[in-house]
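Spelled out from the first residue to the last, the chains are:
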Amino acid sequence: MTAIKHALQRDIFTPNDERLLGIVNVCKAGKKKKNCFLCATVTTERPIQVKVVKVKKSDKGDFYKRQQTWELRDLTEVDAKDASKENPEFDLHFEKVYRWVASSAAEKNSFISCIWKLNQRYLRKKVEFVNVSSQLLEESVPSGESQSVAGGDEDALDDYQELSTREEQDIESMMEMCEYAVSNAEGFAEQLSRELQVLDGANIQSIMASEKQVNILMQLLDEALGEVDTIEGKLSSYEEMLQSVKEQMDQISQSNRLIQISNTNNVKLLDEIQFLVNYMDLSKGHIRALQEGDLTSPKGIEACINASEALSQCMNVALRPGHEKLMAVTQQHLLFAELRDTFARRLTNHLNNVFVHQFNHFSHFKMTIPQFYRSSCLSLPGHDQSSTLSQHTAELSLPKHSPLHRDLLRYSKLMEWLKNTHREKYEGLSRTYVDYMSRLYEREIKDFFEVAKIKMAGTTKEAKGKFGLHGSSGKLTGSTSSLNKLTVQGSNSRRSQSSSLLDMGNMSASDLDVADRTKFDKIFEQVLSELEPLCLAEQDFISKFFKLQQHPAVMPPLAQPETEETDGSMPSKMAPPAEHRQSLSSEKDVVRLMMNKIFQSIETELNSLIALGDKIDSFNSLYMLVKMSHHVWTAENVDPASYLSTTLGNVLVTVKRNFDKCISAQIRQMEEVKISKKSKVGILLFVTGFEEFAELAETIFRNAERRGDLDKAYVKLIRAVFVNVEKVANESQKTPRDVVMMENFHHIFSTLSRLKISCLEAERREAKHKYTDHLQSYVINSLGQPLEKLNHFFEGVEARVAQGVREEEVSYQLAFNKQELRKVIKEYPGKEVKKGLDNLYKKVDKHLCEEESLLQVVWHSMQDEFIRQYKHFEDLIGRCYPGSGITMEFTIQDMLEYFSSIAQSH
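Residues numbered from 1 in each chain as written. Predicted model: local features only at pLDDT ≥ 70, side-chain atom pairs only at ≥ 80, totals over all residues. Heavy atoms only, no water.

**Q** Just checking my understanding: could you explain the overall build of the chain for this structure?
**A** Scanning the chain for helices and strands turns up 32 helices and eight strands. Here the analysis covers contacts within the chain between residues at least 6 apart in sequence; of these, 71% occur between residues at least 24 apart. Within the structure as shown, the chain displays about 50,200 Å² of accessible surface, and the carbon and sulfur contribution to it stands at 51%. (Helix = DSSP H or I, 4+ residues; strand = E, 2+ residues; numbered from the N terminus. Contact = heavy atoms within 4.5 Å. Areas by Shrake-Rupley, 256 points an atom, 1.4 Å probe, with all protein chains shown as cover.)

Below is the structure:
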């Protein structure tokens with residue numbers, strides 16, 4: 001066991017800095033015996049860890065390996081099974097119970113005793129020992145093998161120290177020098193003892209021989225101490241001398257330090273004075289400019305701008321700690337505040353006067369022509385005013401405010417100063433500008449749209465009667481195939497027209513005037529072209545003048561409602577209600593809010609103009625949709641969030657709604673169409689109307705941005721046309737259903753093929769299919785059975801063949817023999833056939849209309865069908881009556897001559 005213990009110590013525990021204190025050879029209880037060793041170990045380094053290690057001998061070689069390790073602190077109970085009898089079994093309770101059988105009871109007891117001692121020393125009696133003899137736990141472990149197994153007492157645990165490598169080498173060399181070191185250990189130990197005694201004696205003799213040198217060394221030390229005392233005396237005298245010098249130098253240093261502090265203070269004081277003088281002193285020229293500078297001349301404005309910037313720098317200078325307590329600084333602040341308030345008041349009053357002066361000037365100048373124009377247009381209804389209006393028609397344009405903007409932009413830097421220093425007055429100026437400009441623009445825009453409406457309506461009595469410009473009677477009339485046409489006719493020949501596809505069919509090309517067709521488009525485009533630069537210029541001016549591009553957004557003054565003017569003075573202010581106190585997210589919102597108030601009438605007037613255009617002609621919505629879409633697209637490319645983009649977008653919704661209403665109205669009128677019971681139908685009015693609508697729409701929408709809206713309308717209209725053509729065809733009494741369907745779908749197919757509308761390609765193919773089907777149906781139904789008895793005869797022949805009679809045996813049937821066939825054929829000579837075809841031609845000519853020119857197409861189809869029947873008869877004769885020599889009274893060539901001569905004769 002000792003050899004095993006040394007081997008385990010050397011191979012397993014020494015490399016891991018552990019000492020083996022106890023070992024027992026065990027195997028697991030109840031299983032096939034596989035021996036292993038339980039080892040109790042402690043680490044050599046602190047903190048000391050106590051472990052129980054399971055070691056197993058390898059199957060492939062004569063060496064051991066560590067298999068499992070438990071911490072001793074995890075051990076809760078040791079069960080020896082029986083305290084009175086010798087029993088090699090015992091249990092160790094870790095995370096679970098491990099049952100072991102030792103090779104002998106003595107080894108078990110030694111191992112449990114070792115565990116008990118380790119528990120006593122390191123675990124403070126934490127482990128519980130069950131069925132263990134108290135005598136075993138109290139007795140000391142005997143020397144020899146048991147002691148080595150149990151691990152010795154506690155002192156031995158502490159005193160034990162393993163040999164180092166150097167010591168092992170020395171022992172090995174000594175043993176090599178002695179031949180009997182291994183064979184005779186006691187003799188080797190005695191030899192080593194003798195050698196040690198010899199060395200001790202030599203050391204004692206060496207110490208006694210060095211006594212004389214020690215005495216000499218002591219004498220030298222005494223002399224050195226005397227020299228040290230002498231040097232110390234001299235150093236003390238030198239120290240006293242240096243002390244007086246030190247005191248004098250301290251006095252000089254103190255004086256120098258005070259002088260240096262004084263100089264530093266003077267420099268700092270001078271720096272502070274220079275700082276205050278440089279940054280808080282305003283020149284007399286700047287003060288004079290702020291107090292009485294000229295705000296009308298360019299030089300005066302430039303001087304005021306420089307003075308205001310200098311004042312801002314002085315007021316915004318970052319003072320150092322303590323400056324605010326200086327009287328001079330306080331006085332300067334009061335002076336600056338007074339100058340700021342004075343100049344802000346002067347600037348506000350001056351700009352208010354500029355606003356009022358420019359408003360009065362523009363209002364008087366711009367109202368002259370429109371008022372005269374309005375008075376001339378709204379005079380007595382009995383007076384012919386055509387010449388008057390033509391002489392005094394004002395140009396359809398909005399006044400430009402660039403001179404006003406150019407004049408005010410000179411003050412933009414001063415407005416920026418006012419915005420940063422005196423927000424209340426800045427907001428007051430903003431409100432004043434918005435108030436005056438909103439009234440000015442309201443008048444100008446109202447007059448501008450009045451002129452536009454009058455130009456749209458025209459200047460004749462017809463137009464005035466239509467739109468109620470005076471008291472003459474008349475109904476609203478409008479073009480039916482043009483977006484811009486106002487049909488102007490004499491009072492005796494005036495007829496009311498509606499903007500429907502039905503009425504379009506009633507109009508001829510002579511009814512449409514090219515100038516009238518394009519007039520509305522030009523006027524509407526001019527209106528939008530005038531509004532767009534006006535809004536953009538005003539928005540650009542507001543951004544530059546009120547400096548809404550460089551600084552954080554402010555609470556807009558427009559968010560505060562104003563009371564109405566009572567005495568011509570500035571409108572009084574009211575406290576803004578809670579719903580108007582919200583802060584805007586960006587300066588674009590501020591600009592848009594100001595623009596909304598300045599141009600609050602634009603959207604209303606545009607909607608009114610759109611309503612008028614729609615009232616004149618509901619198809620005007622097509623032109624308005626294209627033009628408005630283009631302007632919205634242009635405005636969004638410039639600034640998607642601008643006022644112009646937002647306003648035009650809102651109006652575009654109205655235009656789109658009117659466009660949808662127009663399409664719905666056409667569909668509704670198609671559904672309400674009524675046809676005459678006494679006349680043939682021909683090409684329906686809404687079919688030709690759709691053709692003219694499509695031609696016009698394709699012209700208008702050729703390069704439009706909102707082509708998708710038209711495509712959707714096309715689909716709705718064409719489906720309505722299809723449905724209502726079938727409806728009319730079903731209701732028609734005079735004209736056969738197939739004729740109505742054939743002619744109208746042929747017209748639709750021709751229209752769609754010519755216009756090449758991509759979104760209606762499927763409908764074009766459907767129209768062709770319907771036309772072809774109904775053409776064939778009409779031909780078959782009209783042609784019928786021109787050789788009726790012959791048809792009946794051969795139907796009987798085919799019936800017999802279908803019943804199983806062989807074709808060559810049909811001639812033996814009594815009812816279908818050769819004599820009966822010759823008899824039937826003789827009833828249809830060529831003369832009778834030609835006569836029947838001539839009557840058929842007249843009947844077809846009576847059914848078809850002249851507009852579509854389908855008579856020859858139908859006649860040719862009838863010819864093909866007749867020839868087909870003729871060939872079918874001849875084929876049956878050849879198969880069922882072979883060799884009979886029976887033929888028809890006329891040939892195919894005769895038939896072709898009949899059809900040709902009949903067509904030429906008519």
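**Q** Would you mind showing me how to read the side chain of Lys-51 here?
**A** Here Lys-51 lies in strand E3 (residues 50–57). Sequence-distant contacts of Lys-51, defined by excluding residues within four places in its chain, comprise Glu-18, Cys-39, Ala-40, Thr-41, Thr-69, Trp-70, Glu-71 and Leu-72.

**Q** Explain the pairing of E3 to me, please; I cannot follow it from the model alone.
**A** For a regular strand, side-chain orientation follows a simple rule: the groups alternate between the two sheet faces. In terms of residue burial, E3 counts as a mostly covered element, since six of its eight residues are buried. With six bridges joining them, strand E2 (residues 36–43) and E3 adopt antiparallel strand pairing. In the strand pairing of E3, Thr-41 is matched with Lys-51. Linking two consecutive strands that pair antiparallel, namely E2 and E3, is a turn of six residues. (Buried < 20%, exposed > 50% of the residue type's maximum accessible area, 1.4 Å probe, protein only. Pairing = 2+ DSSP bridges.)

**Q** Could you clarify how one ought to interpret the sheet that holds strand E8 (residues 128–130) in this entry?
**A** To summarise the sheet geometry, strands pair through backbone hydrogen bonds and adopt either a parallel or an antiparallel arrangement. With respect to topology, eight strands assemble into an open sheet ordered E4-E3-E2-E1-E7-E6-E5-E8, the strand pairing being mixed. If you trace the sheet from one side to the other, it starts and ends with strand E4 (64–71) and E8, each paired once. Averaged over all neighbouring strand pairs, the angle between strand axes comes to 30 degrees, with direction disregarded. As defined by bridge partners, strand E5 (residues 77–79) adjoins E8 across three bridges and the pair is classed as parallel. Across the sheet, the residue bridging to Val-78 is Phe-129, located in E8. In the packing of helix H1 (residues 2–13) onto the sheet, contacts are made with strand E1 (18–28), E2, E3 and E4, and the angle to E1 comes to roughly 115 degrees. Relative to the sheet, helix H2 (residues 105–122) contacts E1, E2, E3, E5, strand E6 (89–93), strand E7 (97–102) and E8, its axis offset from that of E1 by approximately 135 degrees. (Axes fitted to C-alpha atoms, helices over the stretch in contact; angles between N-to-C directions.)

**Q** It is not clear to me how the nonpolar core should be interpreted in this structure. Could you clarify?
**A** Across soluble globular proteins, nonpolar side chains show a tendency to be buried alongside one another. Grouped together as the largest cluster of nonpolar side chains are 173 residues, with contacts concentrated most on Val-527, Leu-790 and Val-858. The element best represented in this core is helix H16 (residues 423–457), accounting for 14 residues. Discounting chain neighbours no more than four positions away, the residues touching Val-858 are Met-742, Leu-775, Tyr-778, Val-779, Val-844 and Leu-848. Judged by nonpolar contacts, the second largest core, of 31 residues, contains Leu-75, Phe-90, Phe-94 and Leu-136. (Core = buried A, V, L, I, M, F, W, Y, C linked by side-chain atoms within 4.5 Å.)

**Q** Just to check I follow, could you spell out a nonpolar patch on the surface for this structure?
**A** A cluster of nonpolar side chains, Val-214, Leu-217, Met-218 and Leu-221, forms an exposed patch at the surface whose accessible area comes to about 360 Å². Checked against the element boundaries, Val-214 lands in helix H8 (residues 211–279). (Patch = residues over 30% accessible without salt bridge, like charges linked within 9 Å, V, L, I, M, F, W, Y side chains within 5 Å. Salt bridge = Lys/Arg side-chain N within 4 Å of Asp/Glu carboxyl O.)

**Q** Sorry, what's going on with the packing of helix H28 (residues 788–802) against helix H29 (residues 818–826) here?
**A** A pair of packed helices is captured by two measures, namely the crossing angle of their axes and the spacing between those axes. Two numbers describe how H28 lies on H29: the axes approach to 8 Å, and their chain directions differ by 155 degrees. Classified by the angle their axes make, H28 and H29 are roughly antiparallel. The interaxial crossing formed by H28 with H29 has left-handed handedness. Taken together, the residues of H29 that come into contact with H28 (itself represented by Lys-789, Leu-790, Phe-793 and Phe-794) are Glu-820, Leu-821, Val-824 and Ile-825. Residues that form the contact of H28 with H29 fall into these classes: six nonpolar, no polar and two charged. (Parallel < 35°, antiparallel > 145°, perpendicular 65-115°, else oblique. Left-handed = near helix turned anticlockwise from the far one by under 90°. Nonpolar A, V, L, I, M, F, W, Y, C, P; charged D, E, K, R; others polar.)

**Q** Can you help me understand the environment of Val-653 in this one?
**A** Its location among the elements puts Val-653 in helix H23 (residues 643–671). Val-653 sits in the partly exposed class, given a relative accessible area of 45%. Separated by 24 residues in sequence, Val-653 and Ser-629 have C-alpha atoms that sit 9.9 Å apart.

**Q** Is there a simple way to think about the environment of Ile-4 in this case?
**A** Note on placement: Ile-4 falls in helix H1. You can call Ile-4 partly exposed: its relative accessible area is 24%.

**Q** What is the right way to look at the state of the cysteines in this model?
**A** Covalently bonding the sulfur atom of one cysteine to the sulfur atom of another cysteine gives a disulfide. One pass over the structure, following the stated rule, counts zero disulfides. With no disulfide of its own, Cys-27 lies 7.7 Å from the sulfur of Cys-36, the closest cysteine sulfur. (Disulfide = S-S within 2.5 Å.)

**Q** How do you make sense of the confidence of the model for the chain when you look at a structure like this?
**A** Fine structural detail should not be taken from predicted coordinates in areas where pLDDT scores are low. Looking at the chain as a whole, its pLDDT mean stands at 77, while 81% of the residues score no less than 70. Averaged over each element, pLDDT in the chain is lowest for helix H13 (residues 386–392) (34) and highest for E2 (92). When the criterion is pLDDT under 50, residues 140–160 qualifies, and its contacts beyond four places in sequence or with other chains add up to 27 contacts. (pLDDT = per-residue confidence, 0-100.)

**Q** Sorry if this is basic, but what is going on with H29 here?
**A** Side chains of residues three or four places apart in an α-helix project in the same direction, reflecting 3.6 residues per turn. Those residues of H29 that fall on the buried side of the exposure criterion are Leu-821, Val-824 and Ile-825. Axial view of H29: buried residues confined to an arc of 100 degrees, hence all on one face. In H29, the exposed positions that point more than 90 degrees away from the buried face belong to Gln-819, Lys-823 and Lys-826. Two or three places before Gln-819, at the start of H29, stands the capping residue Asn-817, its side-chain oxygen 3.3 Å from that residue's backbone nitrogen. (Arc of directions from axis to C-beta. Polar contact = N/O pair within 3.5 Å; in protein donor to acceptor, adjacent residues only side chain to side chain.)

**Q** Got a minute to help me understand unusual backbone geometry in this structure?
**A** If a residue is not glycine, its phi is most likely negative; likewise, a peptide bond is most likely trans. The omega torsion of the bond from Arg-46 to Pro-47 falls at 0 degrees, within 30 degrees of zero and hence cis. Turning to its location among the elements, Pro-47 is positioned in the loop between E2 and E3. One non-glycine residue, Asp-17, lies in the positive phi region at around 60 degrees. Of note in the backbone geometry, Lys-756 takes a positive phi value of approximately 55 degrees without being a glycine. With respect to the element layout, Lys-756 can be found in the loop between helix H26 (737–755) and helix H27 (761–783). A relative accessible area of 71% means that Lys-756 is categorised as exposed.

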